[in-house]
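Reading the structure
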Amino acid sequence: MSDDKALVAKAARQLVDWAAACELKDIPKPVLARAATVLVDDLAAMIGARDEPEVARFHKRVLERAHHREATVFRGGNARVARIDAAVANAVAADWLELDEGYRRTPCHAGLYVLPSLLATAETEDRSCGELLRAIVLGYEIVTRIARGWKQRALNMQSHGRYSAIGAAAATSLLQRLDAGTMFGAVTAAATLVNPSPRTHLVAGALVRNVWPAQGAWSGLMAVEWVGCGIAGSADAFYDVYSDVFGGTAEPAALTEGLGASWALLEGYTKLYACCQHLHATVEALLDLRPALLEAGAIDRIESVEIATHALARPLMNPRPDTTLGAKFSLPHAVASALVMGSGGAEAFAFDTLARSDIGALREKVRVKSYESELPPPNDRPARAEVRLRDGRVLSAECLSARGGADRPLPPSTVDDKIAALAAPAYPRITATLAPLRALDPQALQRGWRQTVDAFAG
């Protein structure tokens with residue numbers, strides 16, 4: 001066994017041992033508050049996708065074959081199905097609008113990976129909201145540390161397939177209070193159930209990408225079921241998968257350094273724009289620039305748009321996306337919609353925007369180049385936009401770090417507005433019901449999640 005392999009196995013077990021022993025009282029209140037925001041924000045994104053045609057068709061199938069009434073499919077009302085079906089159905093919806101939260105230090109949407117299985121299990125077993133928040137915090141910590149624990153060989157895989165099964169298994173194990181050894185068996189098994197998630201599928205707009213978290217939710221839940229039957233993974237699973245199979249370079253220290261002192265949830269971001277976060281600085285720069293274009297009456301007199309941006313964004317250059325997913329990972333579409341519609345929200349990437357002639361024509365005028373220097377975090381995903389008009393004038397704007405991250409947090413009212421816009425049309429009582437939980441009210445923390453769902457959905 002190589003030194004790194006042994007170090008990874010030891011560090012991974014130490015990480016799981018720490019998480020299993022960590023209690024709600026050990027978690028700082030700002031971390032719990034962020035967990036509650038992630039819970040409600042991602043739940044709203046899940047609910048907001050309910051009428052996307054593909055999501056609606058899949059939900060209809062799930063609901064039609066329901067036999068067990070355990071957990072809610074969040075699309076209005078509280079129609080309950082078997083927990084595993086609810087987890088899968090909600091996971092399909094959760095990333096569809098591309099408005100779920102994300103982790104800033106490395107590409108990883110940990111909230112998306114832990115929540116669908118957690119919500120279904122907590123509702124089925126009526127676990128308390130406090131226990132739910134504990135599992136979110138610690139599951140989030142585990143999966144982000146695994147994501148940071150390997151330097152990728154190339155930017156050829158997306159995080160949804162690589163980590164979602166681990167997040168689901170870790171968080172569900174924590175909610176069910178499995179002992180550390182059993183939990184380790186579940187998460188190491190889940191590590192072998194991940195998928196390669198080719199990054200090219202994002203730019204191509206292949207909608208199978210949107211179900212990678214659903215596959216992970218299913219695999220993580222089943223890993224917990226299997227470990228209860230004695231079917232567990234190997235201590236070497238993380239190294240075998242992420243080093244030997246995926247070709248990453250292990251950094252074992254990332255799995256354990258600062259445990260209990262630094263919290264991954266505080267390094268996450270909340271999305272305002274319904275597209276890949278790598279494009280957010282571009283969208284924000286153009287929205288800042290747009291008033292000057294309107295004042296000049298020049299929206300329809302744009303000659304070209306040049307975006308100088310970072311390495312993660314530059315490959316996202318499909319000028320003719322044919323699915324909403326393709327639009328959300330198309331820098332030309334994000335540029336054109338921001339300028340034409342004055343929006344980076346869900347409406348800017350809706351299906352009807354794909355065929356709009358004004359947006360299509362402007363997409364063809366977008367060019368990309370490298371930002372002149374690599375900047376340290378949090379300014380490592382910058383964008384500078386230069387819009388050249390037919391009369392030779394050039395208007396420019398720059399965004400070094402888009403709003404929503406820890407360096408530029410959104411005002412609570414902005415987050416509230418986003419949640420209400422996505423979720424309230426389906427669940428008018430959701431904001432008022434979940435407000436005490438977001439405020440960490442002791443009674444709300446003791447309340448069962450099933451009872452809480454009944455309060456806003458029943």
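What this report covers is the structure whose coordinates are included nearby. Predicted model only: the values in this text are computed from it and were never measured.

The subject of this paragraph is the pairing of strand 9 (residues 383-389). Across the two faces of strand 9 the burial differs, with Ala383, Ala385, Val387 and Leu389 buried and Arg384, Glu386 and Arg388 not buried at all. In terms of strand pairing, strand 7 (residues 302-309) meets strand 9 through 7 bridges, oriented antiparallel. Each residue of the ladder has a partner; that of Glu306, found in strand 9, is Glu386. Looking at chain direction, strand 9 and strand 10 (residues 394-399) are connected through 6 bridges and run antiparallel. When the sheet's bridge partners are listed, Arg388 is paired in strand 10 with Val394. Counting the residues that bridge the hairpin from strand 9 to strand 10 gives 4 residues, and of these Gly392 lies at a positive phi of roughly 95°.

Turning to the packing of helix 4 (residues 83-94) against helix 10 (residues 212-227), a few remarks are in order. For the pair helix 4 and helix 10, the least separation of the axes is 7 Å and the interaxial angle reads 155°. Viewed along their axes, helix 4 and helix 10 adopt a mutual orientation that is roughly antiparallel. Crossing hand, helix 4 versus helix 10: right-handed. Here Ile84, Ala87, Val88, Ala91 and Val92 of helix 4 come into contact with helix 10, specifically with Pro213, Ala214, Ala217, Trp218, Leu221 and Met222. Tallied by class, residues from the contact of helix 4 with helix 10 come to 11 nonpolar, no polar and no charged.

Take the pairing of strand 7 next. Consecutive side chains of a regular strand alternate in pointing toward one face of the sheet and then the other. Note: strand 7 against strand 8 (residues 366-370), 5 bridges, orientation parallel. Paired with Ile307 across the strands is Val368, a residue of strand 8.

Our focus in this paragraph is the sheet that holds strand 7. Taken in spatial order, the 4 strands line up as 8-7-9-10 in an open sheet, and their pairing is mixed. Lying at the two open borders of the sheet, with one neighbouring strand each, are strand 8 and strand 10. In this sheet, neighbouring strand axes are inclined to one another by 15° on average, regardless of whether the strands run parallel or antiparallel. Together, strand 7 and strand 8 form the strand contacts of helix 14 (residues 331-341), whose direction differs from that of strand 7 by roughly 125°.

About the criteria used
Residues numbered from 1 in each chain as written. Predicted model: local features only at pLDDT ≥ 70, side-chain atom pairs only at ≥ 80, totals over all residues. Heavy atoms only, no water. Buried < 20%, exposed > 50% of the residue type's maximum accessible area, 1.4 Å probe, protein only. Helix = DSSP H or I, 4+ residues; strand = E, 2+ residues; numbered from the N terminus. Pairing = 2+ DSSP bridges. Axes fitted to C-alpha atoms, helices over the stretch in contact; angles between N-to-C directions. Parallel < 35°, antiparallel > 145°, perpendicular 65-115°, else oblique. Left-handed = near helix turned anticlockwise from the far one by under 90°. Contact = heavy atoms within 4.5 Å. Nonpolar A, V, L, I, M, F, W, Y, C, P; charged D, E, K, R; others polar.

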